[in-house]
Amino acid sequence: MASKTTLNAKNLEALGAERLAALLIEISTGSAANKRRLRIELAGMQSGEELAREVTKRLSSIDRSQSKIGWRRIKALKSDLDTQRRVIAETIAGIDADEALEVMWRFMGVARSVFSRCTDSNGTIMAVFRLACVDLGMIAKTAGRDPRLLADRAFSALQHNDYGQFDSLIEALAPALGLEGLDRLKMLFVEWSKQAEGDLPGSGRAASGRSDARASFEDILNLRKRDRTIRTTLEQIADAQGDVDAFIAQKGEHARSEPAVAAEIARRLVAAGRPDEALDAINKAELTNSHPVPFEWEAAYTEVLDALGRKDEAQEFRWQSFERTLNSDHLRAFLKRLPDFDDMEAEEKALAYVYHDPDVYRALAFLLSWPALDHAGRLVISRAAQFDGDRYEFLTSAAEALRDKHPLASVILLRAIIDFVLDRTRTARYKHAARHLAEARRLSAEIKDWHPVDSHEDYAANLRTKHRSKTGFWKLAIYL
């Protein structure tokens, strides 16, 4: 039974409304975020309209701000934005879907101001707008707006998709748009594409409005950006309508020879039940020895073969692709299609092949990620001399992965780093090498059989003899 001092809803209710109110005032003092949250709750007690007004007020404040958003403020901004998003999607939408739709459009409109003032390198803020885009689609479906008007709104938004905040808008809105709305949106973009053609340099009316038909570099970039937006959007509309031919029409002949594009087209043709055309499309790809074949093309090619009933060819190609690339997805796809028990035998065959791969780093990376730690441990021990300690980032993570079940392999990798650092006198890495030596000493207690390398005592003794003059390293090592 929970203690009466445990923080839970039941125990807090016992404090009474008056005491809780006083505590909330105290807790919110000095915290703008907590105060905003309380104001939202108070507004919600009055009406959905009042709650929408409170959220809109906050969004306007964010939109108007001109201050730069450093990395220290990213977390707080994310929390603030996500709070507004959830209130719109979970509370306002439940009271008045039409009101929620307007406020969510307002939320999405804040993106341009936010992204112009911050560097969202890890996608923290963009993730909130991606969720908001999904919410927008769900609210629009509930609101039941005229699909033509919704298409007009989407068209305006996509024209100003400067930071990619509306990249998933069509997919999100497709159920609410329906065929009528999607046709309207397609028509709007087709018309815009004609205007774009008229704005090309040399057409007599350049984008900048100059009559001399000369365009600046900025003009050209803007026209290319607009063209890319139009093509991408028309492709997404084609996907939403299930129109494969319309999707293909957006790809020029040169683009269709690119392996990634050929794979996209082939996959859509397979899904549409047109495998023969899919084979023609996938074979249009220009594959050269100077560039590795993209995984997407290889995977699509096997899907086409499967759709044509050429199962054995598809399996043979998957295995050949695995042998060439050691891509685990190829192997998983190959094993998935084998009968029970045959897949176990094939997996062992694959792991044995990886074990003898000429590139020891590629082989070890595969075995660690598969995962097949027993094979990885044996690989490290049998090919210990092939590891270059200069690849310390990979070797450090590999040593950590093998530490618990294969301590000898872990020690071998740590020694490779240590030897490189001391042999090359990389003084900046001395502290890391000293830490690795201490870790190797700790692991030595778990190792019973040291074959084929020296024991820790012998290794440490030889290290001290060979690098006696590197006092900077030994000063660090004695403290670990």
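What you are looking at is a predicted structure, and each value in this text was computed from that prediction instead of being measured.

Draft legend 1. The arrangement of unusual backbone geometry in detail. The linkage connecting W370 with the following residue, P371, adopts the cis geometry, with an omega of -5°. H451 connects to P452 through a cis peptide bond whose omega is 10°. Inspection of the secondary structure puts P452 in the loop between α24 (430-444) and α25 (456-466). The phi torsion at F341 lies on the positive side, around 75°, for a residue other than glycine. A relative accessible area of 65% means that F341 is categorised as exposed.

Draft legend 2. Spotlight on the side chain of Q315. Within the fold, Q315 resides in helix α17 (residues 311-325). Side chain to side chain, Q315 and R318 meet in a polar contact 3.0 Å long. Non-local contacts of Q315, meaning those with residues more than four positions away in its chain, are made with A333, F334, R337 and L338.

Draft legend 3. Structural view of the packing of α17 against helix α18 (residues 328-336). Closest axis-to-axis distance for the α17/α18 pair is 8 Å, and the angle between their directions is 150°. Taken together, the axes of α17 and α18 lie roughly antiparallel to each other. Judged by the twist between their axes, the crossing of α17 over α18 is left-handed. Residues Q315, R318, W319, S321, F322 and T325 of α17 touch α18, and the partners they reach there are H330, L331, A333 and F334. Taken together, the residues that form the contact of α17 with α18 break down as five nonpolar, four polar and one charged.

Draft legend 4. Molecular detail of helix α21 (residues 373-382). Considered for burial, the residues of α21 that qualify are H375, A376, G377, L379 and V380. Next to the buried residues of α21 lie α19 (342-355), α20 (360-369), α22 (392-402) and α23 (407-423).

Draft legend 5. The arrangement of the side chain of D82 in detail. Examined against the element boundaries, D82 turns out to sit in helix α5 (residues 71-95). Note on D82: relative accessible area 15%, which makes it buried. A polar atom in the side chain of D82 sits 2.9 Å from the side chain of R85.

Draft legend 6. View of the nonpolar core. Counting residues in each nonpolar core, the largest one holds 56 residues, and the members touching the most others are I88, W105, F107, F129, L169 and L185. Residue assignment for this core shows that the elements contributing at least two residues are α4 (48-64), α5, α6 (97-109), α7 (111-117), α8 (124-143), α9 (147-159), α10 (169-198) and α11 (217-241). Ignoring any residue separated from it by four or fewer positions in sequence, one finds W105 in contact with L136, L150, R153, A154, A157, F166, L169 and L173. In terms of nonpolar packing, the next biggest core, distinct from the first, is built from 52 residues, A346, V380, A398 and A399 among them.

Draft legend 7. Examining the environment of D449 more closely. Inspection of the secondary structure assignment puts D449 in the loop between α24 and α25. For D449, a relative accessible area of 54% translates into the label exposed. Through-space distance from the C-alpha of D449 to that of E303 is 48 Å; in sequence the pair is 146 residues apart. Within the local environment of D449, its side chain forms a polar contact with the backbone nitrogen of H451, the two atoms lying 3.0 Å apart.

Draft legend 8. Region of the structure containing the environment of A151. Mapped onto the secondary structure, A151 falls in helix α9. Each C-alpha atom, one on A151 and one on D183, is 8.8 Å from the other, the two residues being 32 residues apart in sequence.

Draft legend 9. A look at the confidence of the model for the chain. Across the chain, the average pLDDT comes to 90, with 90% of residues at or above 70. Scored below 50 in pLDDT, residues 204-208 shows 11 contacts in the model against residues more than four places distant or in partner chains.

Draft legend 10. Quick peek at the packing of aromatic side chains. For the structure shown, the criterion picks out 19 aromatic pairs. Here the aromatic rings of Y361 and F387 are separated by 5.9 Å at their centres, their planes lie at 85°, and the arrangement is edge-to-face. Taken together, the residues span a long stretch of sequence, with Y361 in helix α20 and F387 in the loop between α21 and α22 at a distance of 26 residues. The same class applies to Y361 and to F387, which are both buried. Counting every residue linked through ring pairs, the aromatic cluster contains W319, F322, F334, Y353, F366 and W370. Lying across the ring of Y361, R391 places its NZ or CZ 3.9 Å from the centre.

Basis of the calculations
- Residues numbered from 1 in each chain as written.
- Predicted model: local features only at pLDDT ≥ 70, side-chain atom pairs only at ≥ 80, totals over all residues.
- Heavy atoms only, no water.
- Helix = DSSP H or I, 4+ residues; strand = E, 2+ residues; numbered from the N terminus.
- Buried < 20%, exposed > 50% of the residue type's maximum accessible area, 1.4 Å probe, protein only.
- Polar contact = N/O pair within 3.5 Å; in protein donor to acceptor, adjacent residues only side chain to side chain.
- Contact = heavy atoms within 4.5 Å.
- Axes fitted to C-alpha atoms, helices over the stretch in contact; angles between N-to-C directions.
- Parallel < 35°, antiparallel > 145°, perpendicular 65-115°, else oblique.
- Left-handed = near helix turned anticlockwise from the far one by under 90°.
- Nonpolar A, V, L, I, M, F, W, Y, C, P; charged D, E, K, R; others polar.
- Core = buried A, V, L, I, M, F, W, Y, C linked by side-chain atoms within 4.5 Å.
- pLDDT = per-residue confidence, 0-100.
- Phe/Tyr/Trp six-rings, centres within 6.5 Å; stacked < 30°, edge-to-face > 60°.
- Lys NZ or Arg CZ within 6 Å of the ring centre and 35° of its normal.

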